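Report on the structure
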Amino acid sequence: MTNSINEIIGAKAILAIGTNTTQAHPIIALQVKKAARNGAKLIVANPKEIDLCRHATLFLQHRPGTDVALLMGMIRVIVDQGLADTTFIKERCDNYDEFVASLSEFDLARVEQITSVPAALIKKAALMYAENSPASILYCMGITQHSHGTDNVFAISNLALVTGNIGKPSTGVNPLRGQNNVQGSCDMGALPNVYPGYQKVDDPKAMEKFETAWQKKLSPVPGLTHTAIFDKIYDGTVRSLYLVGENPVISDANSSHAVAALEKLPFLVVQDIFMTETAQMADVVLPAATFAEKDGTFTNTERRIQRVRQAIAPKGQARPDWQIVCDIAKRMKSQGFDYANPQEIMTEITSVTPSYAGITYDRLEQGGIQWPCPTKDHSGTPILHAAEKGLFATASGRAKLMPLSFRESAELPDDAYPLLLTTDRSLFHYHTGSMTRRVDGLNQLDSEEQLNINPKDAKRLGIADKEMVNISSRRGQVSAKARVSRICPPGIVSMTFHFAESPTNVLTSGALDPVAKIPETKVCAVRVGKQ
């Protein structure tokens, strides 16, 4: 997030797009609801009529996969109506003329045709966002999990930049991360192309810095992405895998491909807190400690580094992840893994990661700190890209407005698979359910997978509410109980992916975004039939 969670309540306009906030981020949703009660204009853009719509000033129910057209159409209105922040653009942005030229593709008549949102509503949303500043944008994986997810994020950035809604309180481009320490994992270099602090592996200066720190020769070649790893396993190039805290048998798009790859893998190690479906396929399972059984830090979605303190002793043979990794490294005769505790690891992190350089455990005892925090007397950075504090992370130091074109999703409905499936989350379960499905109370609230289907589609197919149905795609078939409701419009169905008994990702598409290499789990063509 460029801004902080507690700033949401101060926004005069909020665009929540591609996020089912009340289900996936209920605490943040409370801030959104408070802002709406205080008079903020809340615009919800989502293919489903989600719970947040009850609090919305305006609801845009666009077709899945048409976010670029919707957002660029809104920007076209803002520019045409003379509402662009020309001072901000002149002082802090590049490429404006080329960007404006690209908007010719997004006249409202065409955008309505693409998105199924009436032109009048698109115009109303654009004016509402542009005329009520400060304005904040919240988004989640409904934006990123597409074959054009990178373009979707660029479109969000364009909207914030054109209106000058960045670098100021209660504004910003605010992705809501899917798990509690995803941000921290990325910060630490758990990505194939960067060292800690997003220092690129193919940058000679960065490589020299880490070679000096670690006393090892390093490769300038970026590693493999998650999806590429499984492709390489399947073709026999990768022959062993050490998997930590991941359950791809349930979570991967086109999950049958992940299963087929793992079945070919000569050696699989899984390190996790429960015996997940993936762990059951492993040659070796390393029991890891839960959050309550270890010390360390988490970095949350607003870049806030927070202390985690051990509350109970690890159960059974479970151990903290860092201890397991260090012991394996030492048995493999690697140097530099002689840490006594997590605090020593943080000391090394701060020595090589400029955005964490001012972090110490003593400081964190007083409360969380938001990076970048470059020195020990720095208070942290609640708002990124503030004009008085620094530049954008580009070669010129100025933000770049990105011309975009609309591209359809990789797989659309046809005669054989006439419905479009999108995935979502339940308030009561978390990710693949490996934790929450073990809680009796949560299972009583949500015990099985359901297919949300519009009454018109259900009637056409002869499907009754709560009837078991088969859902098929070009990749596989699963069964689930039908939930006949108007949450989804005609032609669109939705499921979660929490239930191993109905593994939704058997259906989803493995088509990738060409830049981020993220799979398109939010759009695939399916057929629904009676059992």
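Every residue gets a number counted from 1 within its own chain, in the order that chain's sequence is written. Local features in this predicted model are restricted to residues of pLDDT 70 or higher, and side-chain atom pairs are both shown and tallied only at a pLDDT of 80 or more, whereas totals for entire chains, interfaces and linings draw on every residue. Only heavy atoms go into the side-chain values, all of them from the structure, while hydrogens and water stay out.

This next bit is on the pattern of salt bridges. For salt bridges, the criterion is a side-chain nitrogen of Lys or Arg within 4 Å of an Asp or Glu carboxyl oxygen. Taken as a whole and assessed by the stated rule, the structure comprises 23 salt bridges. The salt bridge involving Asp 51 is made with Arg 54; its shortest N-O contact spans 2.8 Å. Owing to a relative accessible area of 61%, Arg 54 belongs among the exposed residues under this scheme. When the shortest N-O distance is used, the salt bridge between Arg 474 and Asp 414 registers 2.2 Å. Residue Arg 474 is located in the loop between β18 (468-472) and β19 (477-484), and its partner Asp 414 is located in the loop between β15 (399-400) and β16 (419-423); the two are separated by 60 residues in the primary sequence. Three or more residues are tied together by salt bridges with common partners; here these are Arg 319, Asp 327, Lys 330 and Asp 338. Think of it in three bands: with a 1.4 Å probe and only protein chains considered, a residue is buried below 20% of the maximum accessible area for its type, exposed above 50%, and partly exposed in between. Note on conventions: DSSP H or I runs of at least 4 residues are helices, E runs of at least 2 residues are strands, and numbering of each starts at the N terminus.

This part is about the sheet that holds strand β13 (residues 304-308). Pairing between sheet strands relies on hydrogen bonds along the backbone, with the strands arranged either parallel or antiparallel. Note: two strands are recorded as paired if DSSP finds a minimum of 2 bridges between them. If you trace the three strands from one edge of the open sheet to the other, you get β12-β13-β14, paired in antiparallel fashion. Edge positions in the sheet fall to β12 (296-299) and β14 (369-370), since each of these pairs with one other strand and no more. Sheet topology note: the β12/β13 ladder contains four bridges and is antiparallel. Bridge pairing links Gly 296 to Val 308 in β13.

Right, let's talk about the sheet that holds β18 for a bit. On the basis of which strands lie adjacent, the closed barrel formed by six strands has the order β16-β20-β17-β19-β18-β21 and mixed pairing. Strand-to-strand twist across the sheet, computed as the mean angle between neighbouring axes with direction ignored, equals 45°. Sheet analysis places β16 next to strand β21 (residues 524-530), joined by three bridges and oriented antiparallel. Looking at β21, one finds that Leu 419 is bridged to Val 526. Note on definitions: angles span 0 to 180 degrees between N-to-C directions of axes, and those axes are lines fitted to C-alpha atoms, for helices only across the stretch in contact.

Let us look at the domain arrangement of the chain. Note: domain ranges come from an automatic or database domain assignment. According to the domain assignment, the chain consists of domain 1 (5-176), domain 2 (182-370) and domain 3 (419-530). Centre-to-centre separation of domain 2 and domain 3, based on C-alpha positions: 30 Å. Contacts are residue-level and defined by heavy atoms, with any inter-residue pair within 4.5 Å sufficient. If you look at the interface, domain 2 gives 15 residues, while domain 3 gives 17 residues. By convention, the term buried area covers the 1.4 Å-probe accessible surface removed from two parts as they join, with the contributions of both added. For the domain 2 and domain 3 pair, buried surface summed over both sides reaches about 1,300 Å², with 64% attributable to carbon and sulfur atoms. Here domain 2 is connected to domain 3 by zero salt bridges. Pairs of N or O atoms within 3.5 Å make up the polar contacts considered here, provided that, within protein, one atom can donate a hydrogen while the other can accept it, and that residues adjacent in sequence are counted only when both atoms are side-chain atoms. For the interface between domain 2 and domain 3, the tally reads eight residue pairs in polar contact (both at pLDDT 80 or more).

Here we come to a nonpolar patch on the surface. A cluster of nonpolar side chains, Tyr 242, Val 244 and Val 325, forms an exposed patch at the surface whose accessible area comes to about 230 Å². Structurally, Val 325 can be placed in helix α15 (residues 321-331). Patches draw on residues past 30% relative accessible area with no salt bridge. Two like charges within 9 Å are joined, as are two nonpolar side chains (Val, Leu, Ile, Met, Phe, Trp, Tyr) within 5 Å. The Shrake-Rupley method, run with a 1.4 Å probe sphere, supplies the accessible areas, and residue values consider only the shown protein chains as cover.

As a further point, take the packing of helix α12 (residues 226-234) against helix α14 (residues 255-264). Each pair of packed helices gets described by two things: the angle between the helix axes and the distance between those axes. Where α12 meets α14, the closest approach of the two axes is 8 Å, and the angle between their N-to-C directions is 50°. The pairing of α12 with α14 is recorded here as oblique in orientation. As for the relative orientation of α12 and α14, their crossing is left-handed in sense. For the pair formed by α12 and α14, the contact residues are Phe 230, Asp 231, Ile 233 and Tyr 234 on the first element and His 257, Ala 258, Ala 260, Ala 261, Leu 262 and Lys 264 on the second. Should an angle fall under 35 degrees it is called roughly parallel, over 145 degrees roughly antiparallel, and 65 to 115 degrees roughly perpendicular, with every other angle called oblique. Handedness of a crossing follows from how the near helix is turned relative to the far one, being left-handed for an anticlockwise turn of less than a right angle and right-handed for a clockwise one.

Along the polypeptide, Asp 415 turns up in the loop between β15 and β16. In this structure Asp 415 comes out as exposed when scored by relative accessible area, which is 82%. Spatially, the C-alpha atoms of Asp 415 and Arg 527 are 9.3 Å apart, while their sequence positions differ by 112 residues.

Since there are 3.6 residues in each turn of an α-helix, residues three or four apart along the chain are aligned in direction. Listing the buried residues of α12 in full gives Thr 227, Phe 230 and Ile 233. End-on, the buried residues of α12 take up no more than an arc of 120°, which puts them together on one face. One or two residues past the end of α12 sits Gly 236, with phi positive at roughly 90°. Relevant arc is that of directions from the helix axis to the C-beta atoms, nothing else.

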